[in-house]
Amino acid sequence: FPSHDIVPRIFEPIQTGTYLDEFVSYKKGFMPGINIMLTGDPGVGKSSNLMDILVNVKKNDPSKKVLYVSAEMNELDVKEFEQYYPGLEDIDFLYISNYVTDPDLNIQPYQALMSVLHKGWDMVVMDSLVEVQAMIQEDLGFSVKKGEKWMLDLMKTHNSGHNKTNSFTTFLCIQQMNKGGTYVG
């Protein structure tokens, strides 16, 4: 990998304009092209905090493209969150479960995910990784192991800037825990 092929923007952090920037890297922000897994007990605010991060990224730099991929929430759920997070209405959402439950949509969840990610994003929240992966596995008839590999390969592709805008996508993924404290997936 010759050094002249390295794109300088890979070293420019995605900033929230909050104290979080100091915490996530010595460069003061989320680095492009990385994946971060967030875990926690049900109801501790994983989704809420990630929505807040996307709102702050967009507020700090309106040119940043951010996306929230939800396998569990729908438009009504997010509408309720808008009262707590001004600016959430400016965030793009992919409600991937709609592609499972709406018979009028003639596209599979994996196709919707691939199509939307191909547009190119600076930061993508995946809520939750295991739920999105389960939908993909169902679509494609994959085993858990093959579904996991498919998801990780997809993320790696976008981490590397292989999308329409050559964006080095950073993924923030929720890893679910059940009420017993065991990781799901």
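Residues numbered from 1 in each chain as written. Predicted model: local features only at pLDDT ≥ 70, side-chain atom pairs only at ≥ 80, totals over all residues. Heavy atoms only, no water.

K.L.:
What exactly am I supposed to notice about the layout of surface pockets here?
P.N.:
Unoccupied space between atoms shows up once a probe the size of one water molecule is rolled over them. Put simply, the largest pocket is a space of about 300 Å³. Along its surface, the largest pocket is lined by 15 residues, and Y19, L20, F30, N49 and I53 are the ones closest to its centre. Taken together, the elements giving at least two residues each to the lining of the largest pocket come down to α1 (20–24), β1 (35–40) and α2 (46–60). In terms of residues, the lining of the largest pocket owes the most to one element, α2, which gives five residues. By residue class, the composition of the lining of the largest pocket is 10 nonpolar, four polar and one charged. (1 Å grid on protein atoms, 1.4 Å probe; cavity = no way out; pocket = protein on both sides within 12 Å on 5 of 7 lines; lining within 4 Å. Points joined across faces, edges and corners; volume = space filled by probe spheres on them. Helix = DSSP H or I, 4+ residues; strand = E, 2+ residues; numbered from the N terminus. Nonpolar A, V, L, I, M, F, W, Y, C, P; charged D, E, K, R; others polar.)

K.L.:
Which parts of the structure should I look at to understand α2?
P.N.:
Residues separated by three or four positions in an α-helix point in the same direction, a consequence of the helix having 3.6 residues per turn. With 15 residues, α2 ought to run about 21 Å at 1.5 Å a step, and its terminal C-alpha atoms sit 21 Å apart, in line with that. Every buried residue of α2 is accounted for by K46, S47, S48, L50, M51, I53, L54, V55, N56 and V57. (Expected span 1.5 Å × (residues − 1). Buried < 20%, exposed > 50% of the residue type's maximum accessible area, 1.4 Å probe, protein only.)

K.L.:
What am I meant to see in the packing of helix α5 (residues 109–118) against helix α7 (residues 144–159) here?
P.N.:
Each packed pair of helices is defined by two parameters, the angle between the axes and the distance between the axes. Packing of α5 against α7 brings their axes to within 11 Å, and their N-to-C directions diverge by 15 degrees. When the axes of α5 and α7 are compared, the pair comes out roughly parallel. Between α5 and α7 lies a crossing whose hand is right-handed. Contacts from Y110, L113, M114, L117 and H118 in α5 reach W150, M151, L154 and H158 in α7. Its residues assigned to classes, the contact of α5 with α7 comprises seven nonpolar, two polar and no charged. (Axes fitted to C-alpha atoms, helices over the stretch in contact; angles between N-to-C directions. Parallel < 35°, antiparallel > 145°, perpendicular 65-115°, else oblique. Left-handed = near helix turned anticlockwise from the far one by under 90°. Contact = heavy atoms within 4.5 Å.)

K.L.:
What's the story with the environment of N159 in this structure? I'm lost.
P.N.:
In this fold, N159 is placed in helix α7. For the pair formed by N159 and F11, sequence separation is 148 residues and the distance between their alpha carbons is 13 Å. With sequence-adjacent residues up to four places away left out, N159 is seen in contact with G33, I34, N35, F168, T169 and F171. Polar contacts involving the side chain of N159 include one to the side chain of N35, which spans 3.0 Å. (Polar contact = N/O pair within 3.5 Å; in protein donor to acceptor, adjacent residues only side chain to side chain.)

Scope: geometric values only; no functional claims are made or implied.
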